[in-house]
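# Fold and contact review
In case you want the letters, here they are:
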Amino acid sequence: MSTAVRAPDLRRSGGGGGSGAPGARPGLAWGRVLNVVRRHLLIAVLLLLLTVLIAVPAIAVVVVSFTNDVPGSGTPLHFIWHNYAALWSADSADALKQSLITSVCGSVIAVAIGTGLAVLAVRTNIRGRWLVELTGITPFFFPPLVGALAWGLLAQSNAGLLNHLFSSLHVPVHLNIATIPGIVFVFGVYYSPYAYLFVSSALRLFDPQLEEAARVHGASTATTFRNVTLPMLSPAVLGAGLISFTLMMENYTIPAMLNTKGNINTLMTRMYALMQNIPSQPNRAAAVGMILLVVLVVVSTIQRRMLRGRDFTTVTGKGLRPRTMDLGRFRWVALLGVLVYLVIAVVLPFLAILNSALRPYMFVSKISDLFDFSTLTLSAVQQVTSTQQFSISLRNTLLVGVLAAVLGALFHYVIAYVTTRTKVHGRGLARFLAIVPIGIPALLMGMGFLWTWLYIPLPIYGTIAILVLAYIARFTPQGFLSATSVLGAVHADLEDSAVVSGASRVGAVRAITAPLMRGGIASTVLLLFLLSMRELTVALFLFTSKTVVFPIDIYNLWLAGNASAAAAISAMYSVFLLIVTLAGLKWLRGAV
Amino acid sequence: MAVELENVTISYGDVTAVEGFDLVIEEGEMLVLLGPSGCGKTSVMRSIAGLEEPTGGRITIEGKVVFDHAQGIDVPVNKRHVAMVFQSYAIWPHMSVEENVAFPLKVARKMNKAQMHQRALEVLRTVGLEEFAARPASRLSGGQMQRVALARSIAMNPYVMLLDEPLSNLDAKMRDRLRFELKELHDRLGITALYVTHDLSEALALGDRVAVMNEGRIIQLGTPREVYAHPNSAFVADFLGIANVFPGSVTEVRDGESTVWLEGGVAVRGATEGASGDKVLVCLPPERLTVRRRSTTGLVNEWKCEVVTANFLGAQTRYKVRSEAGLVLDAVQFGRDEGLDRGDTAYLSVDPRDVLTLPAGAGA
């Protein structure tokens, strides 16, 4: 048989034979030098960006905490310990104590809610499973800012809507949200999705054979759950707890929104006050931030240690659906419980916001007024939306969100690619810098950005650009981790085989890797967009009247006592987030 | 010669995977690198492709230096014109079968669309997948995917085709079938190929030559028949699945025949070269041993044994026997079953010409 396949020759054209690559000169090894330069160009650029965006602002805060003034102030800087001396005051000890109490208690509640919902949604035959799943992730489109505002409306000590309701029904309950338990409650509810997502994904990847083995060897359902399922879940639960704790410790929004009178101080509110009070004491604020930094570095180190063990516990990749527990007649009871929670977490708050947005006056005087629909009016909404400030904010919010999401995703994917797919020197440092912002409180990052860009002679301060850069830096860990997992799902061989086939590396990424990651990239972009749209804190020291975004608007209006306007914007803003979240739900699930 | 490696060294940080490696792949041959995982065989292959950069040495493909550490030459992967078949198939799921196969032609930009289409179909025909051309590549079985990967490699008409354990992700039946097809395809097309595997039967069946590797070095290189008949070390014998290797020393050499005393106190006659007093390893290939119920008079190497285990497998029977001196040996009998069972007494014999002696301590 002579069916040998003959083909038009694809081999080297011209020259042929002979040795020597372009640029290679025997003896001098210029080729090798060029290769080294070419190969390290990308990582050098990445490290430079990571340094400017993350390392320099962080270091700036450390420096400021040890000096007598801020960079760019004109005063010659010198080293002092004095800023830290102020930490030994009763105020600071109190702030640290209240931060720890609210964060620890809040984390416990958040983890309990998230884990409970996850177990119900994934492992039981509860009625209306989709509703449970939706409830689990609801606060995604109901950001802490809006949640805090709503609970301010519902449970303020004197004028809260619920207090009116209780007193008119003669229920002897009086709520006051501006207390430690109030802050703990709002923390717990609005940070529960992290626990939900962690635990439910761990449960979904759980190999049912591990449980079946326990059952076969004589364990009851309850014993199996206690001795096999729970221990296997503990890394996910602990990881979620630590992440929640971290986020609550660095949360400025909720205590600031709930506690407008300022009698409860956390480290964050104290730091903000030191910055904004007159005279401003930025060096002492930085020193306060350093305590928090130390706490968070310790916690995130523990967290990384623990999450490292997450892989071996649950993932088998078989994708078998775990056996569901029969709740029996509790199927409906469980659903009822979930619904009550949904009402408390979402429905009541949203109604409260709508009520405030649509009433001409701020608070109701008696409960019957709530049901007087004749007084409903769109005037507050119209008033708010007709201002020039509103259109500026609208434009800014969308612009910042889209730019931070698109540019951020690009940046994060390049970091992920270089750190996982190449072996260049410096990739370990790049990975480290990309993760660092997890341990840096947003308020501190904002301060660092402020000082960095006052010092760097680029006309960015006071523009939209600085907000975009701050958001990109702030959400680098989230974007980078999402990109890493998406990239990890595309086998390196797929790209290598294109290069072996003759495509350039960039061509192979364009033809193979990028198209295969399309869904994953969309999920990262969406995640970053939602995170940026919700972000308040990092922008607090960076915005100007021309670069205001909605979260800033809401915050300012609320603190100025204009609840109707704050509520009107919040209502539109959270409906928008709801729509975006629902539209992108199938992508988001893959992202987190 | 199609490919030549001279003094190639590959290190990862402080770990040296391959050191001072020399190898020549001749035009049109299929050379197999056989060795346990971690022996450096995949590193060698990826260095030829350019997916990994050696830390020293020189690599030449079709007379062109593609890598030379001293001169700073490192031709990029896509300019080396080699093809690679991956263990994971690396079939692009977002393309059709034909688009996968035509990809190397497309990036080479030397054909128009019609030519590419014709070439892709032609190559798909050689691997028996012509009718799948339009199908999305994600909707193929493992065996079909690997055939598409082969077609993609053949399509670019490479200087050398690199195959990285291409059959190891397939189930046993498909593996047997594709191994046969690969052999037939290579005989027909005559492409120069380097095949990396840890599977003995693939290496023996497919290789024109086999290089047995361990710890970054080639221990033995030769045709499959040479290597199998004359392993040069205990490592090669062990890796080729040749059991019954025992240490001993030569006591007598006469007329090209020697007597070796094993440590258990058993004398074996064999065709050793060497001198009296040499320390050697004696190897009694299980399939060369004869297990009988009765003793045969006049045999030089015959020992009375007790059957420890007998596995009747139909076409063959495998035994584990213990000699009176306490040696435990494996033996395989093809097509002849004497109905021996556990505890039976048997007589084990071997022709002196089938006894292999290896230098003690050679290899690893």
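Going along each chain's sequence as written, the residues are numbered from 1 onward. As a convention, the first chain written is A and the first ligand written is 1, with the rest following in written order. With the structure being a predicted model, the display of local features is reserved for residues of pLDDT at least 70 and the display and counting of side-chain atom pairs for 80 or more, all residues being used for whole-chain, interface and lining totals.

## Comments concerning the overall build of chain B
- Put simply, DSSP H or I for four residues or longer makes a helix, DSSP E for two residues or longer makes a strand, and each gets a number counted from the N terminus. A count of helical and extended segments in chain B gives eight helices and 21 strands.
- For chain B, the C-alpha atoms occupy an extent of roughly 75 × 50 × 35 Å along the three principal directions.
- Exposure in this text rests on C-beta crowding, where 20 or more other C-beta atoms within 10 Å of a residue's own make it buried, 12 or fewer make it exposed, and counts in between make it partly exposed. The C-beta atoms are placed from the backbone. When the 364 residues of chain B are sorted by exposure, 46% land in the buried category.
- Working definition of a contact: two residues with C-beta atoms, positioned from the backbone, lying within 7 Å. In chain B, the share of contacts with a sequence separation of at least 24, taken over all contacts with a separation of at least 6, comes to 64%.

## Comments concerning the overall build of chain A
- What chain A contains, in helices and strands, is 27 helices and zero strands.
- A burial count over chain A gives 45% of its 592 residues as buried.

## Some words on the sheet that holds strand 2 (residues 15-25) of chain B
All names here are of chain B.
- Here, a strand pair is defined by DSSP locating no fewer than two bridges between the strands. Pairing in this open sheet of five strands is antiparallel, and the strands run 2-1-4-5-6 from one edge to the other. The sheet terminates laterally at strand 2 and strand 6 (73-74), the two strands that pair on one side only.
- Taken together, the five bridges between strand 1 (residues 3-12) and strand 4 (residues 56-61) define a ladder with antiparallel strand orientation. Its bridge partner lying in strand 4, Thr-9 is registered against Gly-56.

## Observations regarding helix 4 (residues 129-137) of chain A
- Looking at helix 4 of chain A, one finds that the buried residues are Val132(A), Thr135(A), Gly136(A) and Ile137(A).
- Elements that come into contact with the buried residues of helix 4 of chain A comprise helix 3 (90-123), helix 8 (192-204) and helix 15 (330-358) of chain A.

## A few points about unusual backbone geometry
- In this structure, Pro279(A) follows Ile278(A) across a cis peptide bond, with omega equal to 0°.
- Mapped onto the elements, Pro279(A) comes out in the loop between helix 12 (267-276) and helix 13 (282-308).
- With a phi angle near 60°, His170(A) is a residue other than glycine that sits in the positive phi range.
- The topology assignment puts His170(A) in the loop between helix 6 (161-168) and helix 7 (180-190).
- Phi at Asn157(B) takes a positive value of approximately 50°, unusual for a residue other than glycine.
- Relative to the helices and strands, Asn157(B) is located in the loop between helix 4 (142-155) and strand 8 (160-164).

## A closer look at the sheet that holds strand 18 (residues 316-323) of chain B
Residue and element names in this part refer to chain B.
- With antiparallel pairing, the five strands of this open sheet are ordered in space as 16-20-17-18-19. On the outer flanks of this sheet lie strand 16 (290-292) and strand 19 (328-334), each paired with one strand and no other. Strand after strand, the sheet turns through a mean of 40° between neighbouring axes, direction not considered.
- Judged from the seven bridges that link them, strand 18 and strand 19 form a sheet pairing that is antiparallel. Bridged to Thr-317 within strand 19 is Gln-333. Axis lines are fitted to C-alpha atoms, over the contacting stretch for helices. Their N-to-C directions set the angle, which ranges from 0 to 180 degrees.

## Here's the deal with helix 4 of chain B
All names here are of chain B.
- What a helix should span is 1.5 Å times the count of its residues minus one. The terminal C-alpha atoms of helix 4, which comprises 14 residues, lie 20 Å apart, in line with the 20 Å expected from a rise of 1.5 Å per residue.
- Among the 14 residues of helix 4, twelve are classified as buried, and the element is accordingly described as predominantly covered.
- Considered for burial, the residues of helix 4 that qualify are Gln-144, Met-145, Gln-146, Arg-147, Val-148, Ala-149, Leu-150, Ala-151, Arg-152, Ser-153, Ile-154 and Ala-155.
- Elements that come into contact with the buried residues of helix 4 comprise strand 7 (82-85), helix 2 (97-108), helix 3 (113-126), strand 8 and helix 5 (172-189).
- Immediately downstream of helix 4, the backbone of Asn-157 shows phi near 50°, a positive value.

## With respect to the domain arrangement of chain A
Residues and elements named next belong to chain A.
- Considered domain by domain, chain A is made up of domain 1 (41-80 + 378-592) and domain 2 (103-264 + 319-376).
- Of note, the centres of domain 1 and domain 2, computed from C-alpha atoms alone, are 27 Å apart.
- Across the contact, 29 residues belong to domain 1 and 23 residues belong to domain 2.
- For the side of domain 1 that touches domain 2, the secondary structure elements donating two or more residues are helix 16 (379-386), helix 19 (442-455), helix 24 (518-534), helix 25 (550-559) and helix 26 (563-583). Bear in mind that the domain bounds are from an automatic or database domain assignment.

## A look at the pairing of strand 18 of chain B
All names here are of chain B.
- Where strand 17 (residues 302-312) meets strand 18, seven bridges bridge the pair, whose relative direction is antiparallel. Following the sheet pairing, Val-307 is matched in strand 18 by Val-321.
- The hairpin turn running from strand 17 into strand 18, its antiparallel successor, is three residues long, and Gly-314 in that turn takes a positive phi close to 90°.
- Taking the residues that link successive antiparallel strands as the turn, the strand 18-strand 19 hairpin has four residues, and the phi of Gly-326 there is positive, at about 95°.

## Details of the packing of helix 2 of chain B against helix 3 of chain B
Residues and elements named next belong to chain B.
- Where helix 2 meets helix 3, the axes come as close as 9 Å, and the angle between the chain directions of the two elements is 120°. Judged by the angle between their axes, helix 2 and helix 3 are oblique. The two elements helix 2 and helix 3 cross, and the hand of that crossing is right-handed. Facing Val-97, Glu-98, Val-101, Ala-102, Leu-105 and Lys-106 of helix 2, the residues of helix 3 in contact are Met-116, Arg-119, Ala-120, Val-123 and Leu-124.
- Any residue outside Ala, Val, Leu, Ile, Met, Phe, Trp, Tyr, Cys, Pro, Asp, Glu, Lys and Arg is labelled polar, Gly included; the first ten of those are nonpolar and the last four are charged. Residue classes in the contact of helix 2 with helix 3 are distributed as eight nonpolar, no polar and three charged. Every angle not falling under 35 degrees, over 145, or within 65 to 115 is termed oblique; those three ranges are roughly parallel, roughly antiparallel and roughly perpendicular. For any pair of crossing helices, the crossing counts as left-handed if the nearer helix is rotated counterclockwise from the farther one by less than a right angle, and right-handed if it is rotated clockwise.

## Regarding the packing of helix 16 of chain A against helix 26 of chain A
Residue and element names in this part refer to chain A.
- Packing of helix 16 against helix 26 leaves a shortest axis separation of 9 Å and a crossing angle of 80°. Overall, the two elements helix 16 and helix 26 adopt an arrangement that is roughly perpendicular. Residues Ala-380, Val-381 and Val-384 of helix 16 lie in contact with helix 26, whose contacting residues are Ser-564, Ala-565, Ala-568 and Ile-569.
- For the contact of helix 16 with helix 26, the residue count by class is six nonpolar, one polar and no charged.

## A closer look at the environment of Ala286(A)
Residue and element names in this part refer to chain A.
- Positionally, Ala-286 belongs in helix 13.
- Judged by the 28 C-beta atoms lying within 10 Å of it, Ala-286 is buried.
- The spatial distance from the C-alpha of Ala-286 to the C-alpha of Leu-274 is 9.1 Å, given a sequence separation of twelve residues.
- Setting aside residues no more than four positions away along its own chain, Ala-286 makes contact with Val-61, Val-64, Ser-65, Asn-83 and Met-447.

## Thoughts on the nonpolar core
- What makes a nonpolar core is a set of buried Ala, Val, Leu, Ile, Met, Phe, Trp, Tyr and Cys residues, with links drawn between C-beta atoms within 7 Å. Residues Leu149(A), Val186(A), Val199(A), Ala470(A) and Ala539(A) are the most contacted members of the largest nonpolar core, which totals 157 residues.
- If you tally residues by element for this core, the top one is helix 3 of chain A, at ten residues.
- When residues of this core are assigned to domains, at least three fall in each of domain 1 (41-80 + 378-592) and domain 2 (103-264 + 319-376) of chain A.
- Excluding residues within four positions of it along the chain, Leu149(A) makes contact with Met257(A), Ile353(A), Ile554(A), Trp558(A), Ala566(A), Ala567(A) and Ser570(A).
- In terms of nonpolar packing, the next biggest core, distinct from the first, is built from 123 residues, Ala511(A), Ile10(B), Leu140(B) and Leu182(B) among them.

## A closer look at the confidence of the model for chain A
All names here are of chain A.
- Note on scores: pLDDT gives the predictor's confidence for each residue, bounded by 0 and 100. With 88% of its residues at a pLDDT of 70 or more, chain A has an overall mean of 84.
- Mean pLDDT across the secondary structure elements of chain A bottoms out at helix 14 (residues 310-314), with 42, and peaks at helix 20 (residues 464-474), with 95.
- Taken as a whole, residues 1-8 scores under 50 in pLDDT and shows 14 contacts with residues more than four places along the chain or in a different chain.
- Note on residues 12-27: pLDDT under 50 across the span, and 20 contacts to partners over four residues away in sequence or across chains.

## Quick notes on the confidence of the model for chain B
- Mean pLDDT over chain B works out to 90, with 98% of the residues at or above the 70 mark.
- At the level of chain-chain contacts, confidence expressed as ipTM amounts to 0.81, with global pTM at 0.82.

## Quick notes on the environment of Thr544(A)
All names here are of chain A.
- Relative to the helices and strands, Thr-544 resides in the loop between helix 24 and helix 25.
- In this structure Thr-544 comes out as exposed when scored by C-beta crowding, with 12 C-beta atoms within 10 Å.
- Residues Thr-544 and Pro-139 lie 405 residues apart in sequence; the distance between their C-alpha atoms is 28 Å.

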